[in-house]
Protein chains: 4
Amino acid sequence: MVSVVSEHQHGYLHRKDDHLERLRRIEGQARGLQRMVEEEQYCIDILTQVSAMTSALQSFSLQLLEEHMNHCVADALGAARSGEASDQAASDQVARDKVAEAVAAITRLVRS
Amino acid sequence: MVSVVSEHQHGYLHRKDDHLERLRRIEGQARGLQRMVEEEQYCIDILTQVSAMTSALQSFSLQLLEEHMNHCVADALGAARSGEASDQAASDQVARDKVAEAVAAITRLVRS
Amino acid sequence: MVSVVSEHQHGYLHRKDDHLERLRRIEGQARGLQRMVEEEQYCIDILTQVSAMTSALQSFSLQLLEEHMNHCVADALGAARSGEASDQAASDQVARDKVAEAVAAITRLVRS
Amino acid sequence: MVSVVSEHQHGYLHRKDDHLERLRRIEGQARGLQRMVEEEQYCIDILTQVSAMTSALQSFSLQLLEEHMNHCVADALGAARSGEASDQAASDQVARDKVAEAVAAITRLVRS
């Protein structure tokens, strides 16, 4: 079944509607900023809205990150328990690669 | 004339089209993120796009800030030269209030 | 043996010297900033040094975070393989708590 | 007199003691972190202290920035009022260069 496989791969399916709702609000904020520029509203008020939008994006990314990490850990634990991972050295390396990939994404979030 | 008055007040009219174009691209990025969630793309790839969108928002806000500061300084210098600002203590206070307002906005950008 | 237990708990012992060396450099940057203020160097140059010091702190924290996450995952996998974790629901909850704790720390890094 | 000239150039002399005090506290935080690593304290607790130290650095830099901007504006207004700046185009360019320099520093703060 496609959806099960997808959830297995990406781990955020169960909150998809929540994520889409958040992103639609963020899209609305981008349109609100265009209206403010169009109406030539006060620059500092526009900057305040940009900060609010940036915070909303960060909340979205931190929630996504948490689900991703939970999913990866659950996956690795499931494999370890079922004894699927007969080659422990290989599956340890997979785990380390996943952590490195997550930290690289976190670095981009911290720096952006 | 309304637009002249507005430019005088807010100082970014001459780049309005440029700002609107940037914000439309940012709105497009918000829609792109929705498509990625809809299609259940890989979480780390979505986070990379969030970082790109955050950077675009920051570039927009830093450009707006620079125009705002240039405008405020030009305004204050114009008043000082024309001798309009007969009450120097009062106009110095206005300048300090403008700086404090800008730094408060910068603080929100740094913290968000 | 104390050190083995500690490594088991905190997982960064093997890079302790590296971390201490980084932190000594950061302490040196804090002293360098005092010297710049003492000598009344140009404000913008001081701000540039503050940015460099902030980046060094972030690199330190991201490296620490990666080791922490690697350690937690290795620990959980070890328990799962050895069958120690007879109560799977309980150990899944521990894993989720560890992820939530890490994401809370990441949130503080992103926001600070 | 040296100190008057320096204040004129850099504008933060009157708060020098306050800045040095803040920086000494930040240096103390760097030493506190070394002690935490030395004692192998819990990684997440160390990350919390790094976030606190980063916030302290940002507060310092934002205060320095505000004083710098206040000083630059006061300087420019003084010159404009005294009619020193006979070449308005040149002094307008100086003002724009100062704003651009400040925004470049702010960009480094936002990105670091």
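Rules used throughout
- Residues numbered from 1 in each chain as written.
- Chains lettered and ligands numbered in written order.
- Predicted model: local features only at pLDDT ≥ 70, side-chain atom pairs only at ≥ 80, totals over all residues.
- Heavy atoms only, no water.
- Helix = DSSP H or I, 4+ residues; strand = E, 2+ residues; numbered from the N terminus.
- Buried < 20%, exposed > 50% of the residue type's maximum accessible area, 1.4 Å probe, protein only.
- Contact = heavy atoms within 4.5 Å.
- Buried area = accessible area lost by both parts, 1.4 Å probe.
- Salt bridge = Lys/Arg side-chain N within 4 Å of Asp/Glu carboxyl O.
- Polar contact = N/O pair within 3.5 Å; in protein donor to acceptor, adjacent residues only side chain to side chain.
- Axes fitted to C-alpha atoms, helices over the stretch in contact; angles between N-to-C directions.
- Parallel < 35°, antiparallel > 145°, perpendicular 65-115°, else oblique.
- Left-handed = near helix turned anticlockwise from the far one by under 90°.
- Nonpolar A, V, L, I, M, F, W, Y, C, P; charged D, E, K, R; others polar.
- Expected span 1.5 Å × (residues − 1).
- Least-squares fit on C-alpha atoms with pLDDT ≥ 70 in both.

A few words now on the overall build of chain A. From N to C terminus, chain A includes four helices and zero strands. Going from the N terminus to the C terminus, chain A shows its helices and strands as α-α-α-α. Across the 112 residues that make up chain A, the buried fraction comes to 49%. Excluding contacts between residues fewer than 6 apart, the proportion of contacts in chain A whose partners are at least 24 apart in sequence is 65%.

Further remarks concern the interface of chain B and chain A. With 45 residues of chain B in contact, the opposing surface of chain A contributes 45 residues. Both sides of the chain B and chain A interface together cover about 4,400 Å² of buried area, and 68% of this is carbon and sulfur. Linking chain B with chain A are five salt bridges, by the criterion used here. The salt bridge involving K16(B) is made with E40(A); its shortest N-O contact spans 2.7 Å. Taken together, the links from chain B to chain A amount to 16 residue pairs in polar contact (both at pLDDT 80 or more).

Interhelical geometry of helix 3 (residues 43–82) of chain C versus helix 3 (residues 43–82) of chain D gives an angle of 165° and a closest axis separation of 10 Å. Of the possible angle classes, the one that applies to helix 3 of chain C and helix 3 of chain D is roughly antiparallel. Viewed along their axes, helix 3 of chain C and helix 3 of chain D form a crossing whose handedness is left-handed. Of the residues contributing to the contact of helix 3 of chain C with helix 3 of chain D, the split by class is 20 nonpolar, six polar and no charged.

With that out of the way, let us pick up the pattern of salt bridges. Taken as a whole and assessed by the stated rule, the structure comprises 33 salt bridges over all chains. Taking the shortest distance from any N to any O, the salt bridge between D92(C) and R81(A) comes out at 3.0 Å. On the criterion of chain membership, the pair formed by D92(C) in helix 4 (residues 88–111) and R81(A) in helix 3 (residues 43–82) is interchain, its members lying in two chains. One salt-bridge network, in which partners are shared between bridges, spans E27(A), R31(A), E27(B) and R31(B).

Taking 1.5 Å of rise per residue, the 40 residues of helix 3 (residues 43–82) of chain B would be expected to cover 58 Å, and the 59 Å separating its terminal C-alpha atoms lies within 8% of that figure. Looking one or two places after helix 3 of chain B, you find G83(B), whose phi comes out positive at around 70°.

Quick look at the environment of K98(C) now. Structurally, the position occupied by K98(C) is in helix 4. Sequence separation between K98(C) and V73(C) is 25 residues; the distance between their C-alpha atoms is 9.5 Å. With residues near it in sequence (within four places) discarded, K98(C) still touches C72(C) and Y42(D).

Moving on, we get to the relation of the copies chain B and chain A. For the pair chain B and chain A, the superposition axis carries a translation of 0.0 Å, the fit reaches an RMSD of 0.0 Å, and the rotation angle comes to 180°. Such values leave the two copies arranged in the relation of a two-fold axis. Scanning chain B for the C-alpha nearest the rotation axis identifies E27(B), at a separation of 2.7 Å. Looking at chain B, 100% of its interface residues are interface residues in chain A too, so the copies touch through the same face.

Another aspect to go through is unusual backbone geometry. For E40(B), which is not a glycine, the phi torsion comes out positive at approximately 55°. Turning to its location among the elements, E40(B) is positioned in the loop between helix 2 (16–38) and helix 3.

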